[in-house]
Amino acid sequence: MLAIVCPGQGSQSPGFLAPWLELPGVADHLQQLSDMAGIDLVLHGTKSDAETIKDTAVAQPLIVAAGLVAARVLLDGEAVSHPRASEIVFAGHSVGEITASALSGALTEADAMAFVRRRANSMADAAAQTPTGMSAVLGGDQHEVAAAIESAGLTAANVNAAGQTVAAGTLEQLQALADNPPAKARVMPLKVAGAFHTEHMAPALGALEQLRPQLQPRDPAVTLLSNYDGGMVVDGHANLDSLVAQVSRPVRWDLCMERFTTMGVNGLIELPPAGTLAGLAKRGLPGATAAAVKTPDDLTAARDLMTTEAAEEGA
């Protein structure tokens, strides 16, 4: 099995989509996604500065669009029609789950862009109500880390892997954790605008519920995992329910990685803005080969990985 994974917010950098626009069809595709989202993603992906693309309202649509345009190039068309579609599992971290849902056929691209635009705006509004943020807790004993996060009044918003948990809450709570870190652990503030995947994002749920009647979810046509519990998604409406709830609910990427292991995933490709999930896979999926597709120059290695995995399965 081959996993194609879609990253969450935080890995984007100024101009990261510029080299992709040099490929045939990408500029038109990105413009179409811009029109769907009602935001100039061509501008933000090529010329906007770091502070602009850090803004939640910009970052989330940009990240989803980046994954969609890169996947179309990598797979030479739609994922569901790829010859290896039955051997690929899709999953996404945080907002990346919207990308994965679109690639699996559970959402149309138009619905995915409408959803992420509403999600981004409503989460930005929620974040503006109270100064909040997120910090990665790296290393330390897993139980001691969980206890320290709870003691500070924080939420373990992302459990990414053993030795990497993201705590979220008010700035005062995060400072308390930084002042009293768990033994042998390092607390690193993240460049995000709010305490995502916590109760602080609850105000965003209503806005997404209002959008729901305008969307047409479908059952995924290929294998899709939920970052809620690592389970397989089989129902389009249940997937949409989960995407809405995810806004104020922790992301369990560690459970997705466990499912990759049980499924026999031995190759993983991370779509742009790539790096984080491929890094986790190199540490958490022993024996698997991981490829981070950051620029078009990385497509050859990703395609070679796909070819290698196909050859091994056919041997």
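In this text the structure is predicted, and so the values were computed from the model without any measurement.

The rules behind these values
Residues numbered from 1 in each chain as written. Predicted model: local features only at pLDDT ≥ 70, side-chain atom pairs only at ≥ 80, totals over all residues. Heavy atoms only, no water. Helix = DSSP H or I, 4+ residues; strand = E, 2+ residues; numbered from the N terminus. Rg over C-alpha atoms; globule rule 2.2 N^0.38 Å. Buried < 20%, exposed > 50% of the residue type's maximum accessible area, 1.4 Å probe, protein only. Polar contact = N/O pair within 3.5 Å; in protein donor to acceptor, adjacent residues only side chain to side chain. Contact = heavy atoms within 4.5 Å. Pairing = 2+ DSSP bridges. Axes fitted to C-alpha atoms, helices over the stretch in contact; angles between N-to-C directions. Core = buried A, V, L, I, M, F, W, Y, C linked by side-chain atoms within 4.5 Å. Expected span 1.5 Å × (residues − 1). Arc of directions from axis to C-beta.

*Asks:* Describe the overall build of the chain, and please don't skip the residues or the numbers.
*Replies:* For the chain, the count of helices and strands is 13 helices and 9 strands. Here the chain has a C-alpha radius of gyration of 18 Å; the compact-globule value for 315 residues is 20 Å, and the two agree. By its C-alpha atoms, the chain is 50 × 45 × 35 Å across when sized along the principal axes. Taken over 315 residues, the chain has a buried fraction of 55%.

*Asks:* So what's going on with unusual backbone geometry? Residues and values would help.
*Replies:* With omega at 0°, the peptide bond leading from Pro272 into Pro273 counts as cis. Positionally, Pro273 belongs in the loop between β8 (267-270) and α12 (276-284). Residue Asp76 is not a glycine yet carries a positive backbone phi of 55°. Positionally, Asp76 belongs in the loop between α4 (56-74) and β2 (88-92). Assessed through its relative accessible area of 66%, Asp76 is described here as exposed. The backbone of Lys184 shows a phi angle near 60°, a positive value even though the residue is not glycine. Along the polypeptide, Lys184 turns up in the loop between α8 (171-179) and β6 (185-189).

*Asks:* Which residues make up the side chain of Ser104, and what are the values?
*Replies:* Summarising the element assignment, Ser104 is placed in helix α5 (residues 96-104). Since its relative accessible area comes to 0%, Ser104 is described here as buried. Of the polar contacts made by the side chain of Ser104, one reaches the backbone nitrogen of Ala106; its length is 3.4 Å. Sequence-distant contacts of Ser104, that is, excluding residues within four places in its chain, are made with Val80, Pro220, Ala221, Val222 and Leu224.

*Asks:* Before we move on, could you go through the sheet that holds strand β5 (residues 164-170) and cite the residues and values that matter?
*Replies:* The strand order across the open sheet built from 4 strands is β4-β5-β3-β6, with neighbouring strands paired in antiparallel fashion. A strand with exactly one partner marks an edge of an open sheet, and here the two such strands are β4 (155-161) and β6. Across the sheet, the axes of successive neighbouring strands diverge by a mean angle of 25°, strand direction being ignored. The pairing of β4 with β5 spans 5 bridges and is classified as antiparallel. Within the sheet, the bridge partner assigned to Asn158 lies in β5 and is Val166.

*Asks:* Describe the nonpolar core, and please don't skip the residues or the numbers.
*Replies:* One finds Phe90, Ile98, Met113, Phe115 and Ile269 to be the most contacted residues of the largest nonpolar core, which totals 73 residues. When residues in this core are grouped by element, the largest group, 12 residues, is from α4. Beyond its immediate sequence surroundings of up to four residues, Ile269 is in contact with Leu2, Ala3, Ile4, Val5, Leu74, Ala291, Val293, Ala302, Leu305 and Met306. Ala3, Leu225, Leu277 and Leu285 belong to the second-largest nonpolar core, a separate cluster that totals 21 residues.

*Asks:* Let's hear about helix α1 (residues 26-37): which residues, and what values?
*Replies:* Under the 1.5 Å per step criterion, the end-to-end length of α1 is 16 Å for 12 residues, consistent within 8% with the ideal 16 Å. Among the residues of α1, Val26, His29, Leu30, Leu33, Ser34 and Ala37 are the ones counted as buried. The buried side chains of α1 occupy one side of the element, clustering within an arc of 145° when seen end-on. In α1, the exposed residues that point more than 90 degrees away from the buried face are Asp28 and Asp35. The inward-facing, buried residues of α1 contact α2 (41-46), α4 and α6 (109-129). Two residues or fewer after α1 comes Gly38, characterised by a positive phi angle close to 70°.

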